[in-house]
Amino acid sequence: MQGQRELLVHVRARRQALGMTQQQLAERAGISRQTLVAIEAGRLAPSVTVALRLARALGCAVDDLFGLA
């Protein structure tokens, strides 16, 4: 098994740059605010569906929000 890779999360920075609250983004992405908090903190890796919803709600590509260290 290769070394474990850490997920880099840029959701918070993108959301704040757009002036959105966590609640607003969660509603637009169809997820709970608690789920968004966990994703932004790096405690939860989103499913592909959630990552795509977040990217759509923030007007960017998934690669702009998530990456590998």
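Description of the structure in this document. Residue indices begin from 1 for each chain and proceed along its sequence in written order. Local features in this predicted model are restricted to residues of pLDDT 70 or higher, and side-chain atom pairs are both shown and tallied only at a pLDDT of 80 or more, whereas totals for entire chains, interfaces and linings draw on every residue. The basis for the side-chain values is all heavy atoms of the structure; hydrogens and waters are excluded.

### Some details on the overall build of the protein
For the purposes of this entry, the term helix denotes a DSSP run of H or I that reaches at least four residues, the term strand denotes a run of E that reaches at least two, and both are numbered from the N terminus. Within the protein one finds five helices and two strands. Helices and strands appear in the protein in the N-to-C order β-α-α-α-α-α-β. C-alpha atoms define the radius of gyration in this analysis, and the globule rule sets the expected value at 2.2 Å times the number of residues to the power 0.38. A compact globule built from 69 residues would reach a C-alpha radius of gyration of about 11 Å, and the protein, at 12 Å, matches this within 12%. Judged by the C-alpha coordinates and their principal axes, the protein covers about 40 × 20 × 20 Å. The rule is simple: take the accessible area with a 1.4 Å probe, protein chains only, and divide by the maximum for that residue type; under 20% is buried, over 50% is exposed, in between is partly exposed. Buried positions account for 30% of the 69 residues belonging to the protein.

### Concerning the side chain of E40
Looking at the secondary structure, you find E40 in helix α3 (residues 33–40). The class for E40 is buried, based on a relative accessible area of 6%. Two N or O atoms count as a polar contact when they lie within 3.5 Å, although within protein this holds only if one can serve as hydrogen donor and the other as acceptor, and sequence-adjacent residues are included solely when both atoms are side-chain atoms. Here the side chain of E40 touches R15 through a polar contact of 2.7 Å, side chain to side chain. Contacts are assigned to residue pairs that have any heavy atoms within 4.5 Å of one another. Ignoring anything within four residues of it in the chain, the contact list for E40 reads V9, V11, R12, R15 and Q22.

By themselves these figures say nothing about function.
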